[in-house]
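# Report on the structure
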Amino acid sequence: MVIVGTKKLGKQGLEVSAEGLGCMGMSFLYGPPKAEQDMIDLIHHAVEIGVTFLDISDIYEPENNEILVGKALKGIREKVQIATKFGLTWANEEYGVRGDPAYVRAACEASLKRLDIDCIDIYYQHRVDTTVPIEATMGELKKLVEEGKIKYVGLSEASASTICRAHAVHPVSAVQIEWSLWTRDAEALIIPTCRELGIGIVPYSPLGRGFFSSGAKLLESVSDKDFRKGSPRFQGENLESNEALFQKLSEISAKKGCSPSHVALAWVQHQGNDVVPIPGTTKIKNLDDNIHSLSVNLTAEDMNEIEAVFPVNAAAGPRYRAEHVQFSWMNSDTPPYSASH
């Protein structure tokens, strides 16, 4: 059995399992919500085998993801590290983003109630509000830390400059980014900035939204409502190009005696002791399979071979459809701060 172990994120004391569990797909984006009891059983199994870092958000099937995980926490709260997020909103069939202090507080109070807990272990700003100075948002998060409602603060998809400005107000313990073999743009500025400041890195979609588990065949087993059915990287010529990359990954993994997903996830794990990926799944067998990446040893030669196949920007197609880019708020900056805020 693979021993999961723990890692520290940031310098403020946050310690989590060396691999986390992304809970988004249980309720949101990847087809219809899954059966509640099945997901509770999955979370309990994860905790039993040492995967105790649970990642959720108040926007995943708006609010229901937190309610689901809150039910799963009964009797095991002290064994887990809960990461949830605020900032993305859904109203009138449209997404928005908010980071104003009043909203930050209201969102935190609502998440605590849905989760039925007294304190959130790490609270992320899910997307940066480009109309509100990050100093104003962080100022309210700092108050929530002082009040004992959250323990640690995180950011997601923020620019390097925003991360620096936020960290100057209150320490940021972790930054969540999409990071995998086919999404490596954060390596230019964001990851070096995090390391300079001593901030932990939490990669989401480390398996390329599941692509590195089975390649193009993945689409045969997902529902028509699945976000990936319309994702550019899963379409037409892009899919053909990406499938060729997957086949090369399969050749590498065969030489290592493991699966392509093991190599892809191990590549992320090998980026450093400050990196904790949070692959998502809705199946116990996939969870068990994912943790085997922790036992895969990639040599310097292995890493070079993998990165020769997957250089930066190797993937064909952007991360989001054109109509969704405005809702992704990737690598976002905020306006200058002034006393009037």
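Quick note: structure is the one above.
These notes cover the structure that comes with them. Within each chain, residue numbers correspond to sequence positions counted from 1 in written order. Only residues with pLDDT of 70 or above have their local features reported here, since the model is predicted, and side-chain atom pairs are shown and tallied only from 80 upward, although totals for entire chains, interfaces and linings are computed over all residues. The side-chain values count all of the structure's non-hydrogen atoms but skip hydrogen atoms and water molecules.

If you check the backbone angles, Ser 205 has positive phi at about 50° while not being a glycine. Secondary structure elements follow DSSP: runs of H or I no shorter than four residues count as helices, runs of E no shorter than two count as strands, and numbering proceeds from the N terminus. Checked against the element boundaries, Ser 205 lands in the loop between strand E11 (200–204) and helix H7 (211–214). Unusually for a residue other than glycine, Asn 313 sits at a positive phi of about 70°. Examined against the element boundaries, Asn 313 turns out to sit in the loop between helix H11 (300–309) and helix H12 (322–328). On the accessibility criterion, Asn 313 (67% relative accessible area) is exposed. Accessibility here uses a 1.4 Å probe with only protein chains present; expressed as a share of the type maximum, an area under 20% marks a residue as buried, one over 50% as exposed, and anything in between as partly exposed.

Another aspect to go through is the packing of aromatic side chains. In this analysis, rings of Phe, Tyr and Trp, with Trp reduced to its six-membered ring, are considered paired at centre separations within 6.5 Å, and the interplanar angle assigns stacked below 30 degrees, edge-to-face beyond 60, and tilted for intermediate values. Across all of its chains, the model carries nine aromatic pairs by this definition. When the centroid spacing of 5.8 Å and the interplanar angle of 90° are considered together, the rings of Trp 182 and Phe 234 count as edge-to-face. Residue Trp 182 is found in the loop between strand E10 (174–178) and helix H6 (190–197), and its partner Phe 234 is found in the loop between H7 and helix H8 (236–256); the two are separated by 52 residues along the sequence. Residue Trp 182 is classed as buried on the basis of its relative accessible area of 5%. A relative accessible area of 3% means that Phe 234 is categorised as buried. For the ring pair Phe 211 and Phe 246, a centre distance of 5.9 Å and an interplane angle of 70° mean the geometry is edge-to-face. Highlighted residues: Phe 211 in helix H7 and Phe 246 in helix H8, separated in sequence by 35 residues. Comparing Phe 211 with Phe 246 shows no difference in burial state: the two are buried. A network of ring pairs unites the aromatic residues Trp 182, Phe 211, Phe 212, Phe 234, Phe 246 and Phe 310 as a single cluster. We call a charge positioned over a ring when the NZ of a Lys or the CZ of an Arg lies within 6 Å of the ring centre and within 35 degrees of the ring normal. If you follow Arg 233 out to its NZ or CZ, it ends over the ring of Trp 182, 5.1 Å from the centre.

Right, let's get into helix H3 (residues 101–115). Between the first and last C-alpha of H3 there are 21 Å, a value that for 15 residues agrees with the 21 Å anticipated at 1.5 Å per step. Of the residues making up H3, those classed as buried are Tyr 103, Val 104, Ala 107, Cys 108, Ser 111, Leu 112, Arg 114 and Leu 115. Seen along its axis, H3 keeps its buried residues to an arc of 165°; they face one direction. Exposed side chains of H3 directed beyond 90 degrees from the buried face belong to Ala 102 and Lys 113. Contacts were defined at the residue level, with two residues in contact if any of their heavy atoms lie within 4.5 Å. The elements touched by buried residues of H3 are helix H2 (64–72), strand E5 (81–86), strand E6 (88–91), strand E8 (120–125), helix H4 (134–146) and strand E9 (150–156). The first or second residue beyond H3 is Asp 116, which carries a positive phi of 60°. Multiplying 1.5 Å by the helix residue count minus one yields the expected span of that helix. Think of it as the arc spanned by the lines of direction from the helix axis to the C-beta atoms.

Once that is clear, we can look at the packing of H8 against helix H9 (residues 260–269). Closest axis-to-axis distance for the H8/H9 pair is 8 Å, and the angle between their directions is 90°. Here H9 runs roughly perpendicular to H8, going by the angle between their axes. Here Phe 246, Leu 249, Ser 250 and Ser 253 of H8 come into contact with H9, specifically with Pro 260, Val 263 and Ala 264. Residues are grouped as follows: Ala, Val, Leu, Ile, Met, Phe, Trp, Tyr, Cys and Pro are nonpolar; Asp, Glu, Lys and Arg are charged; all remaining types, including Gly, are polar. A breakdown of the residues in the contact of H8 with H9 according to their chemical character gives five nonpolar, two polar and no charged. For every element, the axis is a line fit to its C-alpha atoms; helices are fit only across the contacting stretch, and the angle between N-to-C directions ranges from 0 to 180 degrees. Each angle gets one of four labels, with under 35 degrees taken as roughly parallel, over 145 as roughly antiparallel, 65 to 115 as roughly perpendicular, and the rest as oblique.

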